[in-house]
Each structure stands twice: as structure tokens, then as C-alpha cells.
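As a plain string of letters, each chain reads:
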Amino acid sequence: MPKYVTILGATGTIGLNTLDVISRHAEQFRVFALTAHSRVDELAALCLKFKPRFAVMLDETAAEKLHLRLQGTDTTVLSGLAALEDVSAHAEVDIVMAAIVGAAGLKPAMAAAHAGKRILLANKETLVMAGSLFMHAVEQGGATLLPIDSEHNAIFQVMPPQRLAHLEDGGVRRILLTASGGPFRKASNAELLAVTPAQALNHPNWVMGPKITIDSATLMNKGLEVIEAHWLFNAPAEKIEVVVHPQSVIHSMVEYVDGSVLAQMGNPDMRTPIAYGLGYPQRLDGGVAALDLFKVARLDFELPDTARFPCLRLAFDALKQGGTAPAILNAANEVAVDAFLNGNIGFLDIPRLIESVLGSMKIEPVNSLEQLVAVDELARATATEWRQLEAC
Ligand code: NAD
Ligand code: MG
């Protein structure tokens, strides 16, 4: 029986890689729904190729255009957030690839969790914003959560198979979360001050969407991943160590009390974790080239420098503070990255803006999704105000 897959964020880097893996195993998977924000041409082309039952565009005008483009096909076009939730929770869906970027991915991912789907989670912002609520929904809904972020997928592969109440129960001493260090690993503070969006968009090892590429350059991506690892593996901040590993061949490691360190390695190609998630517990060929160790030749490791990359420290602090702090961090970061990409603030203003927003908002215990959505909105408004004041 083929499995039916909904791909949230189908036109993005992860979405397209997922379709690439699926197309190599057409007998095992059917595309149930494809979704995108507003890119009509891209989604229309994907619908004609993969023939989903539903296509969803967040934007209503874009959906109308898509509808005209898909007339005469068997694909029904829908629009809006509720439709994203519907195609994530639909009874006929087996697997949901959550690959929308940013906080916008939270509600559809939650819908998939409540409906007990197999969730392939690329959208780390869901866990950063609402980790406790999301993990609870996964448990209550009977969903299967498989991390797609390469580091977390690596950790998942080398962790004891059962979810641990405490890492010690599985003999785990630490999680070693690797980071490439991004394009500015060796840059001085003066050089960081002058970084342009074009330079920051040029990641040395990975091809990714613009937001995560900037996050990788500031090391906020690693900070978000620390929070993601906390929720996925029940790991306190002190047990997560960030290791800069410029080759991006080891995707992360788990250290055990007997001194064993288990690593998952491979080429930096997201089709490896995606194929893992789609095929689990079987292994699928995702079209990834074999790792050539002789070409890699060496593996280097360095400590991260939180003085030059304060975003990593800010994320650790937000995790330790808990409550709504990570949601505020995430929202302020989304505004800051957007402002940087639009040329409104400098590269080093990104951590300044986030720190200022975190310092000006009250941190509260998390009690509901509505509360987190309101906190997210307030943090965005505060961040936008900061940016406008700075521009004066
Ligand atoms: P991307 O920018 O390439 O694609 C984003 C997708 O989300 C697009 O299909 C877009 O249409 C959709 N989208 C954007 N805003 C939306 C909104 N408001 N509502 C509904 N849909 C919206 O991003 P990406 O690189 O594919 O990353 C997607 C997610 O996966 C991010 O959370 C990222 O952190 C995570 N991730 C990506 C990679 C990678 O290698 N690209 C690796 C690990 C994790
Ligand atoms: Mg990652």
C-alpha cells in the first residue's frame, strides 16, 4: 500500500528535496497535498508533475491564479491557514513533511501532531516556539515524530531507540551538536560589521532557503537547534555541547558514559535525513552520493566563539530562562533576519535587536497556543519598533 504524503512548504529547498526522494520511490508514496506561500508558477508545475489531491496556497489571490492554472486536472485548490491544517490532519494522510519556514509552520504541524500522523519535522521554529505544547500534542495524538534537521536526524540515529525520561537512563552523557561555523567562521568583528546580505547568503556547505542561511551565518541556526534538541531528546542545556566542524561530514554525535561517541556521517545533502524519515524504519536510496572519505581527508573541530556570534549565547540563555523566552527569541530573530535581508539593519544588529526585545518583554510560563501566538505577535511588533527607532 503506498503512503500518502502532505508536503507543507513544497516549493522550498526541503520541499523540493522531499519530492526528489519521493519520485525515486513512486511505488511507495503518493503525494496527497502540496502547499506554498504564494509562488504560483512553481506550485503549478509541481502539481502538474505530482498530481496531488489538494494544492494549498496561503495567499488567497495566489490560490485563485493557481486554480485557473489547474483547471481540468484532478487537483483541488484551497487557500489559507485552516486549509494548511486540514491537509495536515486529513484522514487519508500518512506522512506530513513540515517544511514551512518560520513560526508560520507551527499550526499546521500542530494539526498533524493532534491527528497522529508521522511528522517529518524540518520546521525547527515549531519546537523553538512551542516545544512543550508540540511534544505534548505528539504524545497525546499518538504521532510519530522524526527529525529532519540533519543534526537531529543524526542524533536520532545514534540515540537509544526509546524516548528517554532522562538521558542518563540510556547511558547518554552528552549530545555533541555539530555546526559548520558558517561563511564567517574566521571573520573579525570589523569584517562582521560590514557583512552584506549577498555574502551571508553564500553558505560554504549547504544549499538552503534564505532565512536558515542567514541563521547559519549568525549561528542563530545552531542556537535554535540547541532548543530543538532540548525538546526532541529531553536534554537539559548543560548536556548539549556545540562543536564547530567546518567540513559538515559528521552531522552530530552522542557521547555515552562508557566513553563511546557515536556519530552519523554523510555528505551534506538533506535527502539523507528526508529518505530516512520517509522510509523509517527501512532505509531508502535518496540519490545521495557515497561519502568519499579520501576526498574528505580530515575532520576538524573547534569551540564556537559566542563573543563574535552572540546569537548562540542568546539562544542558550533563552532556553535556560524557559517559558515564553524562546518564542520571543524566535520572533525577534525572524524580524531581524528579514530586516537584514532587506538592507534595513546591519549583520551585527541582528543579535542587538534580539537581545533588546528579549530584555524588554516579560517572560511567562507557557500555558496555551493562543498565548504563544500573542507573544509572537508582540515580539514582532517590539522588534519592528526597535528597527524603526534605529533607522531614525
Ligand atoms: P525555503 O525558504 O526554501 O522554503 C520555505 C517554504 O515555506 C516555501 O515552500 C514557502 O512557500 C513556504 N512558506 C513560507 N512562508 C510561509 C507562510 N507564511 N505560510 C505558509 N507557507 C510558507 O526554506 P527551507 O530551506 O526549505 O526551510 C524550511 C524549514 O526547514 C525551515 O524551518 C528550516 O529551518 C528547516 N530546515 C531547512 C534545512 C535546509 O537544508 N534547507 C535544513 C534543516 C532545517
Ligand atoms: Mg541543521
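Residues numbered from 1 in each chain as written. Chains lettered and ligands numbered in written order. Predicted model: local features only at pLDDT ≥ 70, side-chain atom pairs only at ≥ 80, totals over all residues. Heavy atoms only, no water.

A. Representation of the coordination of the magnesium ion (ligand 2) within the structure. Protein coordination of the magnesium ion (ligand 2) is provided by Asp 149 (OD), Glu 151 (OE) and Glu 225 (OE), with donor distances spanning 2.1 to 2.2 Å. Considered as a linear motif, the donors of the magnesium ion (ligand 2) on their single chain read D-x1-E-x73-E. Here Glu 151, found in helix α7 (residues 150–158), pairs with Glu 225, found in helix α11 (residues 220–233); they are 74 residues apart in sequence, far enough to count as distant. (Donors = N, O, S within 2.8 Å, 3.2 Å for Na, K, Ca; no water. Helix = DSSP H or I, 4+ residues; strand = E, 2+ residues; numbered from the N terminus.)

B. The arrangement of the sheet that holds strand β10 (residues 250–256) in detail. Strand order in the open sheet made by the 4 strands is β9-β8-β10-β11, with mixed pairing throughout. In the strand order of this sheet, the two ends are held by β9 (240–244) and β11 (261–265), each with one partner. Mean inter-strand twist for the sheet, computed between neighbouring axes without regard to direction, equals 20°. Here strand β8 (residues 172–179) runs beside β10; their pairing, made up of 4 bridges, is antiparallel. (Pairing = 2+ DSSP bridges. Axes fitted to C-alpha atoms, helices over the stretch in contact; angles between N-to-C directions.)

C. Just the pattern of salt bridges, in detail. Evaluated as defined, the whole model comprises 24 salt bridges. In this structure, Glu 151 and Lys 222 form a salt bridge, with 2.9 Å as the shortest nitrogen-oxygen distance. Separated by 71 residues along the polypeptide, Glu 151 in helix α7 and Lys 222 in helix α11 bring together distant segments of the chain. Across this residue pair, the class does not change: Glu 151 and Lys 222 are buried. Two residues, Arg 380 and Glu 334, come together in a salt bridge whose shortest N-O distance is 3.1 Å. Remark: Glu 334 occurs in helix α15 (residues 325–341) and Arg 380 occurs in helix α17 (residues 369–391); sequence separation between them is 46 residues. (Salt bridge = Lys/Arg side-chain N within 4 Å of Asp/Glu carboxyl O. Buried < 20%, exposed > 50% of the residue type's maximum accessible area, 1.4 Å probe, protein only.)

D. Empty space enclosed by the protein, seen in detail. In total, this model carries 1 cavity of 30 Å³ or more according to the counting rule given. Size it by volume and the largest cavity reaches roughly 50 Å³. Per-class residue counts for the lining of the largest cavity are 7 nonpolar, 1 polar and 1 charged. (1 Å grid on protein atoms, 1.4 Å probe; cavity = no way out; pocket = protein on both sides within 12 Å on 5 of 7 lines; lining within 4 Å. Points joined across faces, edges and corners; volume = space filled by probe spheres on them. Nonpolar A, V, L, I, M, F, W, Y, C, P; charged D, E, K, R; others polar.)

E. Helix α14 (residues 310–321), seen in detail. Taking 1.5 Å of rise per residue, 12 residues should cover 16 Å, and α14 covers 16 Å from first to last C-alpha, within 8% of that figure. Considered for burial, the residues of α14 that qualify are Pro 310, Cys 311, Leu 312, Leu 314, Ala 315, Phe 316, Ala 318 and Leu 319. Turning to α14, the residues buried within the fold contact α10 (210–218), α11, β9, α15 and α16 (349–360). A positive phi of about 75° marks Gly 322, the residue just after α14. (Expected span 1.5 Å × (residues − 1). Contact = heavy atoms within 4.5 Å.)

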